[in-house]
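The chain contents come next:
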Amino acid sequence: CPFLRKSVRFRTSLGRGVSAGGMAGAMAYQQLNAKLQGLRIAPSRTVSRMRAAPAPVAQRRCRLVVQARTFEVGVGVFGTKAGMTQMFTASGSAARPATVIAIEPGNIVTQVKTRDTDGYDAVQVGYRIKREDKVNKPERGHLSKHNAPPMRHLREFKLLDGVENYTPGQQLMISEMFKEGDLVDVAGTSTGKGFQGSIKRWGMARGNMTHGSKSKRQHGSIGMCATPSRVFPGLKMAGQMGNKRIKTRKLRVIKVDQELNAIVLHGSVPGKPGNLLEITPAKIVGKNFKYQRHLTRPVRNIKAEVSEELTPEPEAAAEAVEA
């Protein structure tokens with residue numbers, strides 16, 4: 001049939017484009033199928049192998065980050081890690097490792113959320129002022145609505161109560177929030193170390209280096225072969241190390257320098273110099289924080305509900321006894 005010979009020539013000339021899922025090949029294959037159905041001619045083996053790929057869909061690259069933030073004792077401030085040094089005690093007898101955190105322009109309240117409007121109490125704080133043309137239109141409208149300049153970072157602190165003490169546009173001063181001797185929690189992104197083995201990542205022991213050992217730095221056994229015949233979830237193995245959000249708790253404030261707009265803490269904090277940090281009052285459960293306070297919903301008494309359903313009414317019980 002000349003039509004089939006034409007289809008064979010079409011397959012030979014555009015077969016590479018069709019097999020690759022091109023748009024031209026897909027449209028030609030649909031037209032060819034329509035012609036074959038109209039002529040009631042079964043397609044040849046060569047034509048039947050042709051498959052039309054689905055039309056490409058425009059995709060938008062995005063990144064979804066889900067973080068479960070807990071309640072904080074109070075509103076904190078943001079800072080930039082400047083580096084580490086050592087500071088001597090008043091008597092000069094000992095040196096203490098210290099981290100210097102610089103406070104850049106910012107730390108302005110950009111929004112106050114309440115349970116009536118948003119379902120929970122929180123204070124949103126902005127950090128690092130930037131040019132207006134660097135902020136998109138929705139974020140620019142959000143900041144102008146709350147009398148705040150363009151900010152590079154916007155994050156919120158969830159509170160149990162006390163949001164009425166803050167107003168949009170309020171400037172948070174580091175000297176008014178913390179003083180020498182206070183305990184603070186510092187959260188940030190840890191230094192990324194790439195893909196590391198189990199020895200460096202988890203501190204596992206290595207094997208023998210001599211006597212013909214063939215497992216010097218290997219992981220070793222990851223499970224039993226017969227029972228349960230699988231690897232348990234959460235097993236410590238080689239993988240990505242660092243580059244995660246961690247929080248260092250109960251660091252003592254050594255000094256608050258109002259002129260240099262910096263704070264000095266005793267110990268180390270996550271990340272490299274230049275890393276963004278969140279400084280909040282230390283949360284000590286049982287002393288200045290209790291988890292029972294945020295349980296606003298009544299707890300269901302399942303036993304009482306079941307007993308009510310099983311307990312018959314007096315009239316129904318009397319009728320059952322007479323029967």
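Scroll up a little and you will see the structure.
All values reported here derive from a predicted model rather than from experimental measurement. (Residues numbered from 1 in each chain as written. Predicted model: local features only at pLDDT ≥ 70, side-chain atom pairs only at ≥ 80, totals over all residues. Heavy atoms only, no water.)

A.B. asks: Quick question: what am I supposed to make of the overall build of the protein here?
C.D. replies: In terms of helices and strands, the protein carries eight helices and 11 strands. Counted over contacts in the protein with a minimum sequence separation of 6, partners at least 24 positions apart contribute 69%. Carbon and sulfur atoms make up 53% of the accessible area of the protein, which totals about 22,400 Å². (Helix = DSSP H or I, 4+ residues; strand = E, 2+ residues; numbered from the N terminus. Contact = heavy atoms within 4.5 Å. Areas by Shrake-Rupley, 256 points an atom, 1.4 Å probe, with all protein chains shown as cover.)

A.B. asks: Quick question: what am I supposed to make of the sheet that holds strand S5 (residues 151-159) here?
C.D. replies: Backbone-to-backbone hydrogen bonds join strands into a sheet, with any given pair of strands oriented parallel or antiparallel. Strand order in the open sheet formed by three strands is S3-S4-S5, and the pairing between neighbours is antiparallel. Unpaired on one side and paired on the other, strand S3 (106-113) and S5 mark the two borders of the sheet. Across the sheet, the mean angle from the axis of one strand to that of its neighbour is 25°, orientation sign disregarded. Bridge count between S3 and strand S4 (residues 121-129): six bridges; the pairing is antiparallel. Counterpart to Gln111 in the pairing with S4 is Gln124. (Pairing = 2+ DSSP bridges. Axes fitted to C-alpha atoms, helices over the stretch in contact; angles between N-to-C directions.)

A.B. asks: Help me understand the sheet that holds strand S9 (residues 245-257), please; the structure alone is not making it clear to me.
C.D. replies: Pairing is antiparallel in the closed barrel, where six strands are placed in the order S1-S2-S10-S9-S6-S11. The average undirected angle you get between the axes of adjacent strands in this sheet is 50°. In the sheet, strand S1 (residues 77-88) pairs with strand S11 (residues 276-281) via four bridges, with the strands oriented antiparallel. Note that in S11 the partner of Thr80 across the bridge is Leu276.

A.B. asks: Teacher, can you tell me more about the packing of aromatic side chains here?
C.D. replies: Aromatic rings in a pair are described by how distant their centres are and how their planes are angled relative to each other. All chains considered together, the criterion is met by two aromatic pairs. Clustering of aromatic rings is evident, with ring pairs tying together Phe78, Tyr127 and Phe157. Across from the ring centre of Phe71, 4.9 Å away, lies the NZ or CZ of Lys158, which sits over that ring. The ring of Phe289 carries the charged tip of Lys283 above its face, separated from the ring centre by 4.9 Å. (Phe/Tyr/Trp six-rings, centres within 6.5 Å; stacked < 30°, edge-to-face > 60°. Lys NZ or Arg CZ within 6 Å of the ring centre and 35° of its normal.)

A.B. asks: Even after reading the chapter, I still don't get the pattern of salt bridges, so can you show me in this structure?
C.D. replies: Opposite charge on two side chains makes pairing possible when the charged atoms of those side chains draw close. The full count for this structure, using the stated rule, is nine salt bridges. A salt bridge links Asp182 to Lys179; the nearest nitrogen and oxygen atoms lie 3.4 Å apart. (Salt bridge = Lys/Arg side-chain N within 4 Å of Asp/Glu carboxyl O.)

A.B. asks: Please explain unusual backbone geometry as it appears in this structure.
C.D. replies: Residues other than glycine predominantly adopt negative phi, and peptide bonds predominantly adopt the trans conformation. A cis amide bond links Thr227 with the next residue in sequence, Pro228, at an omega value of 10°. Within the secondary structure, Pro228 sits in the loop between helix H6 (198-202) and strand S8 (239-241). Backbone geometry places Asn107, a non-glycine residue, at a positive phi of 55°. Structurally, Asn107 can be placed in strand S3. We classify Asn107 as buried; its relative accessible area is 2%. The phi angle at His211 is positive, at roughly 60°, despite the residue not being glycine. Residue position: His211 is located in the loop between H6 and S8. (Buried < 20%, exposed > 50% of the residue type's maximum accessible area, 1.4 Å probe, protein only.)

A.B. asks: How should I be thinking about the environment of Ala148 in this particular structure?
C.D. replies: Checked against the element boundaries, Ala148 lands in the loop between helix H4 (137-145) and S5. Put simply, Ala148 and Gly106 are 42 residues apart on the chain and 9.7 Å apart in space, counted from C-alpha to C-alpha. Look past the residues within four positions of Ala148 in its chain and what remains in contact with it is Thr110 and Leu143.

A.B. asks: Looking at this structure, I do not really get the nonpolar core. What am I missing?
C.D. replies: The tendency in soluble globular proteins is for nonpolar side chains to be buried as a group. Among the nonpolar cores identified, the biggest contains 25 residues, and Val184, Ile263 and Leu265 are the most heavily contacted of them. At the level of elements, S1, S4, S5, strand S6 (183-189), S9, strand S10 (262-266) and S11 are the ones that each hand at least two residues to this core. Those residues in contact with Leu265 that lie beyond four places of it in its chain are Pro97, Ala98, Thr99, Ile101, Val184, Val186, Leu251, Arg252, Val253 and Ile254. (Core = buried A, V, L, I, M, F, W, Y, C linked by side-chain atoms within 4.5 Å.)

A.B. asks: What am I meant to see in the side chain of Thr80 here?
C.D. replies: Inspection of the secondary structure puts Thr80 in strand S1. A distance of 3.0 Å separates a polar atom in the side chain of Thr80 from a polar atom in the side chain of Arg128. When neighbours within four sequence positions are excluded, Thr80 is seen to be in contact with Val100, Ile101, Ala102, Glu104, Tyr127, Arg128, Gly274 and Asn275. (Polar contact = N/O pair within 3.5 Å; in protein donor to acceptor, adjacent residues only side chain to side chain.)

A.B. asks: Help me out: how do you make sense of the pairing of S6 in this one?
C.D. replies: The two faces of the sheet receive side chains in turn, since in a regular strand these alternate between them. Most of S6 is tucked away, with five of its seven residues classed as buried. In this structure, S6 lies alongside S11, joined through five bridges in antiparallel fashion. Within S11, the position partnered with Gly188 by the bridge is Leu277.

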